[in-house]
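Okay, here's what each chain looks like letter by letter:
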Amino acid sequence: YVVFRPGIIAGSDISNLEELEHNTIYKYGHIIYRAFNLQNGYESKIRLVGNKLSTLNIIPIDHVIKLIMGIRSSNKNNMIFNLTNEKNCTCNSVVEGVKESLNFEEGYIFNENLDFTSLSDAERLAYQFTKPFWGYTLGDNTEWSIDNTKYLRRKLGLVPIDNLWIKNHLKIYFKQVEKFEKEKHNLQI
């Protein structure tokens, strides 16, 4: 047996928006994107459920594919491989990418306990629809052992992603989403 346990998979190429939009970080990002758009123009920061220090283990799909192919060609059996990034990215970096794509200057605050009755419409939207992601945004910063793939990663030249990579990746992705939505709106007029 060989067991592959990937982290949260990110696209390496963001050209196909429809393929990515239901994937974990993109789905979470879409909810935050909608909430930021709804909050836009208000003077106050939007409150989100989470802890800015919580982390996610995100790995680009091309890294996963290269690791699987490398492990497969090594003929290693009876092993479990954590196909994860060498270091975790913060939930904060994910939200920062969305924020910067919209130039959302009002900003946001992560809060671990929010009173639903005191929330704005945008905050309620984020509160209700991000519940499935609270395990991540309130997470315990799980670390994954990658000892049995370290050599292979170096051999394949896989550079670990970091907070800046995920922030910029999502910033570019949501700029494309915004452009796509404007084009779709223009076609409807």
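Heads up: the structure comes first, above all this text.
Residues numbered from 1 in each chain as written. Predicted model: local features only at pLDDT ≥ 70, side-chain atom pairs only at ≥ 80, totals over all residues. Heavy atoms only, no water.

**A word on the overall build of the chain**
Within the chain, the secondary structure is distributed over eight helices and eight strands. Over its C-alpha atoms, taken along the principal directions, the chain stretches across nearly 55 × 40 × 25 Å. Counting only residues that meet the buried cut, the chain has 42% of its 189 residues in that class. Taking contacts inside the chain between residues at least 6 apart in sequence as the whole, the part at least 24 apart equals 87%. (Helix = DSSP H or I, 4+ residues; strand = E, 2+ residues; numbered from the N terminus. Buried < 20%, exposed > 50% of the residue type's maximum accessible area, 1.4 Å probe, protein only. Contact = heavy atoms within 4.5 Å.)

**A word on unusual backbone geometry**
Its identity is not glycine, yet Asn 78 carries a phi of approximately 55°, on the positive side. You can see Asn 78 is positioned in the loop between helix 3 (61-74) and strand 6 (79-83). A relative accessible area of 52% places Asn 78 in the exposed class. Unusually for a residue other than glycine, Asn 103 sits at a positive phi of about 50°. Assignment of secondary structure puts Asn 103 in the loop between helix 4 (91-102) and strand 8 (108-111).

**Some details on empty space enclosed by the protein**
Within the structure shown, the criterion is met by two cavities of 30 Å³ or more. Here the largest cavity defines a volume of roughly 70 Å³. What lines the largest cavity is Ile 8, Thr 24, Ile 25, Tyr 28, Leu 56, Cys 91, Val 94, Phe 133, Tyr 136 and Thr 137. Elements with a minimum of two residues in the lining of the largest cavity: helix 2 (24-39), helix 4 and helix 6 (134-137). When residues of the lining of the largest cavity are assigned to their parent elements, the largest contribution, three residues, is made by helix 2. Looking at the lining of the largest cavity residue by residue, the classes come out as eight nonpolar, two polar and no charged. What the second largest cavity holds in volume is close to 30 Å³. Contributing to the lining of the second largest cavity are Ile 59, His 63, Thr 84, Asn 85, Glu 86, Arg 153, Leu 158 and Pro 160. (1 Å grid on protein atoms, 1.4 Å probe; cavity = no way out; pocket = protein on both sides within 12 Å on 5 of 7 lines; lining within 4 Å. Points joined across faces, edges and corners; volume = space filled by probe spheres on them. Nonpolar A, V, L, I, M, F, W, Y, C, P; charged D, E, K, R; others polar.)

**Let's talk about the pattern of salt bridges**
Considering all chains together, one arrives at six salt bridges under this definition. Linking Lys 171 and Glu 100 is a salt bridge whose minimum nitrogen-to-oxygen distance equals 3.5 Å. Pair noted here: Lys 171 is in helix 8 (residues 163-188) and Glu 100 is in helix 4, with a separation of 71 residues, a long-range link. Lys 171 sits in the partly exposed class, given a relative accessible area of 29%. When salt bridges with common partners are traced through the structure, they connect Glu 100, Lys 167 and Lys 171 into a single cluster. (Salt bridge = Lys/Arg side-chain N within 4 Å of Asp/Glu carboxyl O.)

**So, the packing of helix 2 against helix 4**
At a closest axis distance of 10 Å, the pairing of helix 2 and helix 4 adopts a crossing angle of 45°. One element, helix 2, and the other, helix 4, form an angle in the oblique class. For the element pair helix 2 and helix 4, the recorded crossing hand is right-handed. Contacts between helix 2 and helix 4 involve Tyr 28, Gly 29, Ile 32, Tyr 33, Phe 36 and Asn 37 from the first element and Val 94, Val 95, Val 98, Lys 99 and Leu 102 from the second. Class assignment of the residues belonging to the contact of helix 2 with helix 4 gives a composition of eight nonpolar, two polar and one charged. (Axes fitted to C-alpha atoms, helices over the stretch in contact; angles between N-to-C directions. Parallel < 35°, antiparallel > 145°, perpendicular 65-115°, else oblique. Left-handed = near helix turned anticlockwise from the far one by under 90°.)

**Let's talk about the layout of surface pockets**
Looking at the largest pocket, its volume works out to about 190 Å³. In terms of lining, the largest pocket is formed by 14 residues, of which the most central are Leu 56, Asn 57, Tyr 136, Thr 142 and Trp 144. Among the residues forming the lining of the largest pocket, the class breakdown is five nonpolar, eight polar and one charged. Its boundaries defined by the atoms lining it, the second largest pocket holds a volume of some 150 Å³. Together, Gly 70, Ile 71, Ser 73, Ser 74, Lys 76, Asp 147, Asn 148, Thr 149, Lys 150, Tyr 151, Leu 152 and Lys 155 line the second largest pocket. Sorting the residues of the lining of the second largest pocket by element identifies helix 3 and helix 7 (150-156) as the ones contributing at least two each.

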